[in-house]
Amino acid sequence: MCRSANSRQYALSGGSDGSALVELLSSDLELVPGEGGSPVLRAVVYMQDQMERTVTLAELAGVARFSPYHFLRMFKRATGHTPHRYLTLLRIAEVKRLLERGVTVVRAAQLCGFYSAAHLSAVFVRETGVRPSRWQPSGKPARL
């Protein structure tokens, strides 16, 4: 996915409820996975683009052009999280956004790379303290 010169970087910050939120930070870098920019930033963009499937440490290290071990240390130093944890937080933030739009829990799980609605529910409760069905707006959810 190509990002323009006025594109945005994604970073994680804690929300008021302790959950991780995706915060957009302005950037003047040309962000194309595998080209230019920070190795960690390239990996984060790759994670966002591949959120619906399993992403391995070896893949991310390849995008960043480092060995898996060196990439893991560098990523954790830069973000405060391991790549797996960071990807989980990105997925939960996206699930929240989808649920707020009225997408069903099952569909949100499919779109965000969870194995099932039960897997999403377990991770969501662990991260937010509430069930995903409670995050949805009241009324009939939209079908997507």
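From a predicted model like this one, the values you see are computed outputs, not experimental measurements. Residue positions are counted from 1 within each chain, in the order its sequence is given. Owing to the predicted nature of the model, reporting of local features is limited to residues with pLDDT of at least 70; listing and counting of side-chain atom pairs is limited to 80 or more, with chain, interface and lining totals taken over all residues. Each side-chain value is worked out from all heavy atoms of the structure, with water and hydrogens disregarded.

Trainee: How do you make sense of the overall build of the protein when you look at a structure like this?
Mentor: Helix and strand definitions follow DSSP, with helices as H or I runs of at least four residues and strands as E runs of at least two, each counted in order from the N terminus. When its secondary structure is counted, the protein shows seven helices and two strands. Put simply, the protein runs from its N terminus to its C terminus through helices and strands in the order β-β-α-α-α-α-α-α-α. The contact rule is simple, with two residues in contact once any of their heavy atoms fall within 4.5 Å. Sequence-distant contacts, at least 24 apart, represent 51% of the contacts inside the protein between residues at least 6 apart. Counting only carbon and sulfur atoms, one obtains 54% of the accessible surface of the protein, whose full area is about 7900 Å². Each accessible area is a Shrake-Rupley estimate made with a 1.4 Å probe; only the visible protein chains count as cover when residues are assessed.

Trainee: Looking at this model, I keep getting lost on the packing of aromatic side chains. Mind explaining?
Mentor: The rule is short: rings of Phe, Tyr and Trp, with Trp giving its six-membered ring, pair when the centres are within 6.5 Å, and they are stacked under 30 degrees, edge-to-face over 60, tilted in between. Considering all chains together, one arrives at three aromatic pairs under this definition. Where Phe75 meets Tyr86, the ring centres are 5.3 Å apart and the plane angle is 90°; that geometry is what we call edge-to-face. Of this pair, Phe75 sits in helix α3 (residues 68-79) while Tyr86 is found in helix α4 (residues 83-100), placing the two residues eleven residues apart along the sequence. With a 1.4 Å probe rolled over the protein chains alone, any residue whose accessible area is under 20% of its type maximum counts as buried; one over 50% counts as exposed, and the rest are partly exposed. You can call Phe75 buried: its relative accessible area is 0%. Look at Tyr86 and you get buried, because its relative accessible area is 2%. Taken together, a centroid distance of 5.7 Å and an interplanar angle of 80° make the contact between Phe124 and Trp135 edge-to-face. Within this pair, whereas Phe124 is found in helix α6 (residues 117-128), its partner Trp135 is found in helix α7 (residues 132-135), the two being separated by eleven residues in sequence. Among the aromatic residues, ring-to-ring pairing joins Phe71, Phe75 and Tyr86 into one connected group.

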